[in-house]
Amino acid sequence: MGIVVVDVMLKSEILDPQGQAVAGALPRLGFHQFTDVRQGKRFELTVEGEVTDEVLAAARSAAETMLSNPVIEDVVGVRAQQPAPQSPAAEPQAAEHQV
Amino acid sequence: MKIGVVTFPGSLDDHDARRAVRVAGGEPVSLWHGDDSLHGVDAVVLPGGFSYGDYLRAGAIARFAPVMSALIPAARGGLPVLGICNGFQILCESHLLPGAMIQNDHRTFICRDQRLRVENATTAWTSDFARGDEITIVLKNQDGQYVADQRALDELEGEGRVAFRYVVGRSVPDGPDTDAAQVTAPVKYDRFATRNPNGSYRDIAGVTNERGNVVGLMPHPEHAIEEGYGPSLDGRKFFTSVLRSLVNA
Amino acid sequence: MTSATKPGSNEPDPSTQIGVDTVSDASTTPDTAQPWSELGLKADEYARIREILGRRPTIAELAMYSVMWSEHCSYKSSKVHLAQFSENTTAEMNEKLLVGIGENAGVVDIGDGWAVTFKVESHNHPSYVEPYQGAATGVGGIVRDIMSMGARPIAVMDSLRFGAIDHPDTHRVLPGIVAGVGGYGNCLGLPNIGGEVVFDPCYQGNPLVNALSVGKMRIEDIHLAKASGVGNLVILFGAKTGGDGIGGVSVLASETFDADGPAKRPAVQVGDPFAEKVLIECCLDLYAAHVVDGIQDLGGAGLSCATSELASNGDGGMRVWLDRVPLRDASLRVEEILMSESQERMMAVVEPGRLEEFVAITARWDVEATVVGEVTEGKHLEVFWHDELIIDVPPRSVAHDGPVYHRPMHRPAYLDALQAAVPDDLVRPGDGAGLKAALLALMASPNLCDKSWITDQYDRYVMGNTALATPDDSGVVRVDEETGRGVAISTDCNSRYAKLDPFSGAQLALAEAYRNVATAGAVPLAVSDCLNFGSPEDPDVMWQFAEAVRGISQGCKTLGIPVTGGNVSLYNQTADEAIHPTPLVAVLGVMDDVARRTPSGWQTSGQVIYLLGATGDEFGGSAWSQVAHDHLGGLPPRVDLDAEHRLGEILVNASRQGLVAAAHDLSEGGLAVALAEASLRNGVGARIWLDEVCGRDGVDAFTLLFSESAARAIVAVPRTEQVRFTDLCTSRGFAHASIGVVEDEASVLEVQGQFILSLDELSAAHTSTLPAIFATR
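In this text the structure is predicted, and so the values were computed from the model without any measurement.

J.: Explain the packing of aromatic side chains residue by residue, including any values.
T.: The full count for this structure, using the stated rule, is 18 aromatic pairs over all chains. Ring centres 5.7 Å apart and planes at 85° place the aromatic pair B:Tyr55 and C:Phe274 in the edge-to-face group. Of this pair, B:Tyr55 sits in the loop between strand E3 (43-46) and helix H2 (66-76) while C:Phe274 is found in helix H11 (residues 273-288), placing the two residues in two different chains. With a relative accessible area of 13%, C:Phe274 lands in the buried category. Between the aromatic rings of C:Tyr65 and C:Trp69, the centroid separation amounts to 5.0 Å while the plane-to-plane angle is 75°, which identifies the pairing as edge-to-face. Like C:Tyr65, the residue C:Trp69 is buried in the burial classification. Ring-pair connections join several aromatic residues into one group, and the members of that group are C:Phe619, C:Trp624, C:Phe702 and C:Phe706. In this structure, C:Arg364 packs its charged tip against the face of B:Trp32, placed 3.8 Å from the ring centre. The ring of B:Tyr229 carries C:Arg478 above its face, with NZ or CZ at 4.0 Å from the centroid.

Here it is in structure tokens:
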């Protein structure tokens, strides 16, 4: 099972009111080092099997036709997600459930 | 004259759009999103609401509905289409109109009686108005800020394709779109006083295509058609215009 | 209690859960220790469950009883008092009542074959925890109650109470609650036609969100929540079931879980208004096709409540296969599935022969529908998990015959001193300038200021049937587009009055809502209530509750309008500080033609302004005493329900006969505030003279302007109708006097001999308060 991650951001010339709100709120929590915040969207698309180049191309096409609105958004990333490391408890559990 | 009104899952003002068509003297026809036929209607209204919950982006999913596969070529071919609020969003997502809508600049939903100026009285849906007419129409939305790049905006202005503009003038500090600075400056009371209610670029409230058959606007004319149930009767002319233009066609 | 594997493999079989406690297990292991106390049950309640079942309960049964017998679901502390509502309902009052107390919502006959259902409900604690979702799911829940009666929901209202306006925690909860009410209601396409916003420090740790919904249907389309007809199918449809709102039951997980236990479950429910909008349309299509026999919505206590109530209300039993419930989260335990409060779910009882039609309709709307059970012979609710019987209970014992408490109550010790602390000695304005300043201060005060910052976040136009909405006195919606027949609704409560005297305060809430409905020109018909109080374990609070219920029930009998249903919210307190008793009353009235409704503001110069009703020196709990002196003491204004009834008749008849162009009732802030509000409504001023009434009633200008005597209203009467109008008042022996004239030219509110107040100045004071605090740009 593979996952393709797609990132979409508002175009830089579009005012981002949500990002602005976040940028205004961070200093109140003590974060003074961030001069700007822009908010976007991240999509995770699941495929059976591996993430091949064809899968990535299909994801990019889906991103450009539906996941983003090209008038106001850019697709800034389409990549395979790295699989999560195996959890150490996985193997012993299997043994427990054996008849 | 038959005017189709499309219902998507989540459409809210379809019932009211049908009423407006009836009041203007037309025959409303209900069109289902999943049906790829327009059933020979003479014009189509894409009504307001939250189609598909506004998920992904307002209108982004509705734009791919089967009914749109029939509507888009028909619109390109001259069929009069009116997109109201969510309908406007769907028309923009479908690229039948330029630009896009993002969240209101004050980040809240706003419902108010909004003063508009008619900028283009030659379209299928505005021919019963005169250019410069000021009308009062209900505005109610969360994502009504019209944006487009400079080139697109200049093109719209240059070709006279801005259909409606928000009348921006004196304002009363009351609604959620209030600028904090306004609070300290006492203003003359005027119940029709307005401000740009969502940050739309160039105060644009509605636009039309080159041919003038497709018009989209954020405010809701279908809520200004009945005495006692809206701020005015100014919405009627949207529907009488198209009926007249169809008769004359 | 073993795990199992799929035959022929080493993988665990997900269809069996580790530790499912069955009925046969329970029969054979009577001495197993059970966490009944952690689940909120008392020792005697646990003993009673064992007695009812003749064995120990299974874990699932224990969970079911614990939630269904909780205060929130069983009303155990309030039942004995709420009985007064039924006891005080006469046969005459019942005539228009089609469905009374005990169903999801009451239903009244409004004429012409139309029925209207309405109810108000609270979602207080969740809104404090998660303001947006708490408020949103509060709206979602009340709308589902209305839907489940067979109605199309046609409007919502919200009554909100917050702590001090400038407190940081108010800033935390208010925007979220308003956004949640608007976000959910707007997306459902329901106009928000009114409500209240009240600020008082007593609500600081306990904001109140009371949501009302009203729906319409033809009388023959009323549906009830009962499962009858052996062999009929029980269908769960709507959203999938997830882990929403089951915080309390998660203690079970800690009892029976091993290392594979899930993370702590969320206590907050998350709403999806789009799913509910689709559900509304789907249900209406199902009702129109007559494929639904019984219907129930899933709210508090989820499946355990829906199944036990449907079975208990019906005449048979029910069998449910819990494993068929579509899940969003496969790791849920059986108890969690039973208790889940996932939103946007309904349960229908359908004849087997109509199943295909049912499913065709749900499929058209992309709504998932699953047969999860059937109606059976006998009086058992049986729930299976695969082939294991995990619940076998008499449904009545769960849903209706829960514990009944007779909690101790006594009149609070502080009350004598509080009532003795009358406002008579508070310093009053001495001249016209002082009166003007007092009025401006009141109009700018948090409770009386312009609420557009909030109410403009709600769609009041959708459906195109809103004839009147906030800030007018009641919300008015058209029900029949051909005839104009419609309803008017108002929700009111002055909790300061109720703190001073819960009996009178509750009656004054009823009177105010009654008056507001009549002011719009509608005939009051029915009542719903939302009783928000502190802890029932506090005898002071229990006394307040009993007094309030006594006040409302007697008041309803006097006015001849029945309580159709309502809601109780207890435990609204932080440590020892209870909120003021807040018995919210909603009154619904009917109009033959809502086009005749009377707006609250005048528009035409020359119309004569009349004051209806007599004024006394009554400042106990008043807005002036709060704003000018932060004072709460004395007694609330005297209640005269006979006067309210006569006033109502005058206002309704005047409306019908076209004798009044505007009408506005007097409440907080008295006459001065009413005059100011009526002027600001359309920006048209007035010239007022007070001497005649001051002489007649024996009060000074200050008292006439700011006292809060009840049963009063102002109206604007066209000169041509003056005689007919005054005759109407005289024939009812009701005090009336002309006190002014509408004057547009100068745009001022002038009280002759006292002050001239420009509408600009008045408007600036009125509209700046909320934006100054909440505007973010």
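J.: Would you mind going over the interface of chain C and chain B in detail, with residue names and values included?
T.: Taken residue by residue, the interface counts 45 residues in chain C and 45 residues in chain B. Roughly 3700 Å² of surface becomes buried between chain C and chain B when both sides are summed, with 54% attributable to carbon and sulfur atoms. Here B:Arg19 and C:Glu481 are joined by a salt bridge, their closest N and O atoms 2.8 Å apart. At the junction of chain C and chain B, the tally comes to twelve residue pairs in polar contact (both at pLDDT 80 or more). Looking at the side of chain C that touches chain B, the elements with two or more residues in it are helix H9 (168-188), H11, helix H18 (452-455), strand E14 (466-468), helix H24 (670-682) and helix H28 (759-774) of chain C. Counting residues per element, the side of chain C that touches chain B draws most heavily on H28(C), at seven residues. Across the side of chain C that touches chain B, the residue classes break down as 18 nonpolar, 14 polar and 13 charged.

J.: Account for the sheet that holds strand E7 (residues 233-238) of chain C, naming residues and giving values.
T.: Across a sheet, paired strands are connected by hydrogen bonds in the backbone, their directions being either parallel or antiparallel. Residue and element names in this part refer to chain C. The mixed open sheet is built from seven strands, whose spatial order is E8-E10-E7-E11-E9-E12-E13. Of all strands in the sheet, those with a lone pairing partner are strand E8 (294-297) and strand E13 (388-393), marking the two edges. Taken pair by pair, the neighbouring strands of this sheet meet at an average axis angle of 20°, ignoring direction. The pairing of strand E12 (residues 381-385) with E13 spans five bridges and is classified as antiparallel. Each residue of the ladder has a partner; that of Trp385, found in E13, is Glu388. Sheet strands touched by helix H3 (residues 59-68): E12 and E13. Its angle to E13, the strand with the most contacts, is close to 35°. Together, E7, E8, strand E9 (317-321), strand E10 (345-350) and E12 form the strand contacts of helix H12 (residues 302-313), whose direction differs from that of E10 by roughly 30°.

J.: Explain the pairing of strand E1 (residues 2-10) of chain A residue by residue, including any values.
T.: Residues and elements named next belong to chain A. The buried fraction of E1 amounts to seven of the nine residues, a majority that puts the element mostly inside the structure. Bridging between E1 and strand E2 (residues 40-47) involves eight bridges; their strand directions are antiparallel. Each residue of the ladder has a partner; that of Met9, found in E2, is Gly40. Judged from the seven bridges that link them, E1 and strand E3 (residues 73-80) form a sheet pairing that is antiparallel.

J.: Describe the packing of helix H20 (residues 502-519) of chain C against helix H21 (residues 539-559) of chain C, with residues and values.
T.: Residue and element names in this part refer to chain C. One way to put it is that H20 packs onto H21 with a least axis distance of 7 Å and a crossing angle of 40°. Taken together, the axes of H20 and H21 lie oblique to each other. The handedness of the crossing between H20 and H21 is right-handed. Together, Pro502, Phe503, Ala506, Gln507, Leu510 and Tyr514 of H20 and Trp543, Gln544, Glu547, Ala548, Arg550, Gly551, Ile552, Gln554, Gly555, Cys556 and Leu559 of H21 make up the contact between the two elements. The residue inventory of the contact of H20 with H21, partitioned by class, reads ten nonpolar, five polar and two charged.

J.: Just give me the short version of empty space enclosed by the protein, but keep the residues and values in it.
T.: Residue and element names in this part refer to chain C. Taken as a whole, this structure holds four cavities of 30 Å³ or more when the rule is applied. Going through the elements one at a time, strand E5 (192-199), helix H19 (495-500) and helix H22 (623-629) are the ones with two or more residues in the lining of the largest cavity. Ranked by residues supplied to the lining of the largest cavity, first place goes to H22 with three residues. Here the lining of the largest cavity is composed, by residue class, of six nonpolar, six polar and three charged.

J.: So what about the nonpolar core? Which residues, and what values?
T.: Core analysis: the biggest nonpolar cluster contains 200 residues, and B:Phe8, B:Phe164 and C:Phe237 have the highest contact counts within it. With nine residues, the single largest contributor to this core is H11(C). Formed by 48 residues, the second largest nonpolar core is a distinct cluster that contains C:Ala438, C:Leu611, C:Ile688 and C:Phe702.

J.: How would you explain unusual backbone geometry if you had to name every residue and give the values?
T.: Residues C:Thr470 and C:Pro471 are joined by a peptide bond in cis, for which omega reads 5°. With respect to the helices and strands, the residue C:Pro471 is situated in the loop between E14 and strand E15 (475-478).

J.: Lay out the side chain of B:Gln89 with the relevant residues and their values.
T.: Locating B:Gln89 in the fold gives a position in helix H3 (residues 86-93). Excluding residues that lie within four positions of it along the chain, B:Gln89 makes contacts with B:Ala58, B:Met101, B:Asp143 and B:Met218.

J.: Now, about the packing of helix H1 (residues 14-24) of chain B against helix H6 (residues 236-248) of chain B: what can you tell me, with residues and values included?
T.: All names here are of chain B. Two elements in contact, H1 and H6, have axes separated by 9 Å at closest approach and are oriented at 65°. When you trace H1 past H6, the crossing you get is right-handed. Facing Ala20, Val21, Val23 and Ala24 of H1, the residues of H6 in contact are Arg236, Phe239, Thr240 and Leu243. Within the contact of H1 with H6, the residues separate by chemical class into six nonpolar, one polar and one charged.

The rules behind these values
- Residues numbered from 1 in each chain as written.
- Chains lettered and ligands numbered in written order.
- Predicted model: local features only at pLDDT ≥ 70, side-chain atom pairs only at ≥ 80, totals over all residues.
- Heavy atoms only, no water.
- Phe/Tyr/Trp six-rings, centres within 6.5 Å; stacked < 30°, edge-to-face > 60°.
- Helix = DSSP H or I, 4+ residues; strand = E, 2+ residues; numbered from the N terminus.
- Buried < 20%, exposed > 50% of the residue type's maximum accessible area, 1.4 Å probe, protein only.
- Lys NZ or Arg CZ within 6 Å of the ring centre and 35° of its normal.
- Contact = heavy atoms within 4.5 Å.
- Buried area = accessible area lost by both parts, 1.4 Å probe.
- Salt bridge = Lys/Arg side-chain N within 4 Å of Asp/Glu carboxyl O.
- Polar contact = N/O pair within 3.5 Å; in protein donor to acceptor, adjacent residues only side chain to side chain.
- Nonpolar A, V, L, I, M, F, W, Y, C, P; charged D, E, K, R; others polar.
- Pairing = 2+ DSSP bridges.
- Axes fitted to C-alpha atoms, helices over the stretch in contact; angles between N-to-C directions.
- Parallel < 35°, antiparallel > 145°, perpendicular 65-115°, else oblique.
- Left-handed = near helix turned anticlockwise from the far one by under 90°.
- 1 Å grid on protein atoms, 1.4 Å probe; cavity = no way out; pocket = protein on both sides within 12 Å on 5 of 7 lines; lining within 4 Å.
- Points joined across faces, edges and corners; volume = space filled by probe spheres on them.
- Core = buried A, V, L, I, M, F, W, Y, C linked by side-chain atoms within 4.5 Å.

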